[in-house]
Every structure is written in C-alpha cells, then in structure tokens.
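Next come the chains, spelled out residue by residue.
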Amino acid sequence: MAPTSSRWKRGLFAARSIRAGEQIVRIPHDLVLTAEKLDDCVKKLLSTEYDWCPLTLLILAEQHKGEASRWAPYVSCLPSFGDHHSTIFWEKEELKFLECTRAFRGTAERREMISDEYISVKNVISSCPHVFGEDISLFQFAHAYATVVSRAWNGALSSEISMRPFVDFCNHDPVSHATVSHDSCKDATVVFISYGKRSNAVLAVDYGFVLPNNLSDQAELWMEIPWNDPLREKKLELMGAFNMPTLQNADGTESGELPVILEEVLDSADWEDGVVLPQARAFSRIICLDSLEDIQSMIQESDTLQAPLAYQPRKDVAKETRAMNFLLEMIQESITSHEQALLMLQSAPDHVNKIRRGMAEAVLDGELRVLENSRGWLKDCLPNGQEQA
C-alpha cells in the first residue's frame, strides 16, 4: 500500500489483492497526533469547549516547524491551500447553487463555528509566537480546521480526537466493512474504511468531496408554525409538553421552526409501518390543527392509540388529507427549487470551478431524488388518493 495521486486526488492504492481480515498497516501510538502533544505553553492557556480546536492548533504548530517537525513527511502530504474543496471555502458565486440544499445551511453553521473557535484561541496563538509564528489568519486556521475535520478519528480507548498518519489516506467506500482496531498498546490497525453513512451535503461541507448516486443522501424541509397562526402559542405549548421542541431563539424561546430530514424509501413496508417521514408527517398534522377543539382531539387520539403525539394518521380523513397535502406542497416547492438550481448550474459561466460545479450537481441530484421519492410515496398513500389539484 502507498499514498498515490490520481483523479481522486490523494488516496491509498493496493499493489496486490488484499485478503479479508489482513492487517495492512500498524501505527504506533506515539506517532498519533493528539491534543496531549501540544506545546505546554499552549496547553496552559487553552480553554475551549470544541473538540476540533486543540488538534487544529497542533497541525498549525507542526506546519510552523517545517522540516523540524517529526511529522514533516505526513504534514507535507496534507492538502495545501486551494486543494480543499469543502464548501466552507467556496465563493459566494459557487455557493448560490446550493441555496436550496442542506449543504448551504451546513456551510453557514460550520463557518460560524470556525470563526467562534478562532476568536476563542487568538490570544493563545499570539501568546505563543515560538509555537505558531507571528500570526495565524482566520483563513489559515479554517484550512487547518477543515483538514482535521475531514481526517480525524475518535481516539484509541477514549473519546479523544486524533489524526493517524498514513491511515487517513484511506478513501471513503460507503459499503466497506473495514474498521480501525487498537491493541493493548493503543496502536492502530486498519484495512479499507467507511466514513459511515454520510449524505453528499455532509460530505461536501466536512470532507470536500461527494459520491455519485449516494444511497445515504437526504433532503431537508424547513418547516415552521407561521407567526400569523392564531394557535401558534398553543401549538408550541403542545409540542413542548409532548417533548417535540422546535429550534430555540437566542433568548431561549421556541422559534416554531424545525429542519426535518427526508430519506429515500425503498421498501413499501417501511411506509406502511409509518417509519418513513415520521417527523415531517407529524409536524404537518400539528401545523394544520385549526381549533382548540382540534388540539384536544389530537391529544385524545394519541392517548387512545398510546402513540407519540401526531405520529399516527388523524381519525378524521379530511384533516389527515389536508395535512398530507400541506406536506406535499412543501415537498413540491423544494423540488422546484432544486430543478431551478440545476438549470442555473448548467448555464454557469466557464470560470466556475469544475470540481465544485460537479459537487453542487451531485448534492442537488441526490436531494432531488429523495424529494421525488418522498412525493411519490406520499401521493400513493393519501386517503382515497385525495391529492389537491
């Protein structure tokens, strides 16, 4: 096995067939990069609630050492500026293609987190110039941070975040069953790896790549109880009482908003058992409640069925139909937004980065596939096929 460059950028490539269960690499624990290997000056000053920050600072410190770093061969193989295609580095013109996707909100959240972390450690960096040099810019910090997020592992025998030279050159295979194990000395042993089930939106934000026809793709609906709903406060109280909170405002109050995840349905039994789109269907039923009597009726239905609030179809077929048609309208609006984004992408100017254009297309295609799948199942399962015109 050896690190090699290809059209997939960096990765490990086998020169021969590898037997099932065969150990292909062992990494001594003293070569694993962990927060404990930070300079004492940094450790004394560092106080952060974020898991990624200490390891980000370690990478920056080792980069400053250059050839003097014991990890110099490894550090020199990490992505250089401009090579990382995480969406946090995309230009505004590139990000506009993703405005209707989960990746757009994920990018904004990740950027905000990185900025907060940078502010929290800027004094540490300036207090240790012998470790980091004269200054570290937000862009340098973000680049090191993205490198850590895309390559770090949970630590051996603990929740500690770590980076493992050579091992992290293994590329992602979503169907791989390989794992990293540890012996009693905490050394790491690895074969091929999977990053776990990751949608293209998550891969684009945190790893800087996507997969064609990603079976783990998801879509997101941003649902909310309208401010002009006369029953808004009652509905929020209802959801709070039944442990169904929405996102909180800065002051700790309920916003009435909730991002709801949709996944592709491949088995009709899943839909019939009600395990598909449960949160979206439940929230739609609550949004469509139209009176105090209707609220009490829903509570009674939940008690009678001994089921979570709103997670079972309404007894009143007309009310159930209205709620599911409301959800269908939301899904259709999102489908239209994705289709329009794809059309805009097709006519993107030539100077738009081709790799990022391809990533945007894969994110949009995957989410569109999930949305169309959800729309199809929801239409088929409407009471008496009562879809609104």
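Residues numbered from 1 in each chain as written. Predicted model: local features only at pLDDT ≥ 70, side-chain atom pairs only at ≥ 80, totals over all residues. Heavy atoms only, no water.

- In the nomenclature of an unreviewed UniProt entry, the chain corresponds to SET domain-containing protein from the organism Selaginella moellendorffii.

1. A word on the overall build of the chain
Working step 1: For the chain, the count of helices and strands is 14 helices and ten strands.
Working step 2: Counting across all 389 residues of the chain, residues that qualify as buried make up 47%.
Working step 3: Total accessible area computed for the chain in this model is approximately 20,000 Å², and 51% of it derives from carbon and sulfur atoms. (Helix = DSSP H or I, 4+ residues; strand = E, 2+ residues; numbered from the N terminus. Buried < 20%, exposed > 50% of the residue type's maximum accessible area, 1.4 Å probe, protein only. Areas by Shrake-Rupley, 256 points an atom, 1.4 Å probe, with all protein chains shown as cover.)

2. Structural notes on the packing of aromatic side chains
Working step 1: The final tally for this structure, using the stated rule, is four aromatic pairs.
Working step 2: Measuring from centroid to centroid gives 5.8 Å for Phe-89 and Phe-139, while their planes differ by 70 degrees, and the two rings are edge-to-face. Taken together, the residues Phe-89 in the loop between α3 (72–75) and α4 (92–95) and Phe-139 in helix α7 (residues 138–151) connect sequence positions 50 residues apart.
Working step 3: The rings of Phe-81, Phe-89 and Phe-139 are connected pair by pair, giving a single aromatic cluster.
Working step 4: Over the face of the ring belonging to Trp-71 we find Arg-70, whose NZ or CZ atom lies 5.1 Å from the ring centre.
Working step 5: One cation-aromatic arrangement involves Arg-232 over Trp-227; the distance from NZ or CZ to the ring centre is 3.6 Å. (Phe/Tyr/Trp six-rings, centres within 6.5 Å; stacked < 30°, edge-to-face > 60°. Lys NZ or Arg CZ within 6 Å of the ring centre and 35° of its normal.)

3. Comments concerning the side chain of Thr-34
Working step 1: Here Thr-34 shows up in strand β4 (residues 33–34).
Working step 2: Using a relative accessible area of 0% as the deciding quantity, one classes Thr-34 as buried.
Working step 3: If sequence neighbours within four positions are ignored, Thr-34 has contacts with Leu-55, Leu-58, Glu-160, Ile-161 and Ser-162. (Contact = heavy atoms within 4.5 Å.)

4. Structural notes on the pattern of salt bridges
Working step 1: Enumeration according to the criterion identifies 18 salt bridges in this entry.
Working step 2: Linking Arg-105 and Glu-109 is a salt bridge whose minimum nitrogen-to-oxygen distance equals 2.7 Å. Taken as a pair, Arg-105 and Glu-109 lie in helix α5 (residues 102–127) at a separation of four residues, close to a single helical turn.
Working step 3: Classification of Arg-105 as partly exposed rests on a relative accessible area of 27%.
Working step 4: Among the residues examined, Glu-109 registers a relative accessible area of 42% and is labelled partly exposed.
Working step 5: Note that Lys-319 is salt-bridged to Asp-294, the shortest N-O span being 3.6 Å. (Salt bridge = Lys/Arg side-chain N within 4 Å of Asp/Glu carboxyl O.)

5. Here we look at the environment of Lys-379
Working step 1: For Lys-379, the location among the structural elements is in helix α14 (residues 354–380).
Working step 2: Among the residues examined, Lys-379 registers a relative accessible area of 33% and is labelled partly exposed.
Working step 3: Along the primary structure Lys-379 and Met-324 are separated by 55 residues, whereas in three dimensions their C-alpha atoms are 8.6 Å apart.

6. Overview of helix α9 (residues 232–241)
Side chains of residues three or four places apart in an α-helix project in the same direction, reflecting 3.6 residues per turn.
Working step 1: When α9 is considered as a whole, its buried residues turn out to be Arg-232, Lys-235, Leu-236, Leu-238 and Met-239. Down the axis of α9, the buried set is contained in an arc of 160 degrees. They therefore lie on one face.
Working step 2: Turning to α9, the residues buried within the fold contact α11 (278–287) and α12 (292–305).
Working step 3: In the segment just after α9, Asn-243 is the residue with positive phi, at about 55 degrees. (Arc of directions from axis to C-beta.)

7. A word on the nonpolar core
Working step 1: Membership of the largest hydrophobic core comes to 55 residues, with the highest contact counts inside it found for Leu-221, Met-223, Leu-262, Phe-283, Ile-286, Leu-309 and Ile-331.
Working step 2: Those elements that place two or more of their residues in this core are α8 (200–206), β9 (218–224), α9, β10 (257–263), α11, α12, α13 (317–346) and α14.
Working step 3: With ten residues, the single largest contributor to this core is α13.
Working step 4: Built from parts of two domains, this core gets at least three residues from each of domain 1 (29–207) and domain 2 (218–381).
Working step 5: If near-sequence neighbours (up to four positions away) are discounted, Met-223 is found in contact with Gly-256, Glu-257, Leu-258, Val-260, Ala-280, Phe-283, Ser-284, Ile-287, Phe-326, Leu-327 and Met-330.
Working step 6: Counting residues in hydrophobic clusters, the runner-up holds 37 residues, among them Leu-38, Phe-89, Ala-146 and Met-163. (Core = buried A, V, L, I, M, F, W, Y, C linked by side-chain atoms within 4.5 Å. Domains from an automatic or database assignment.)

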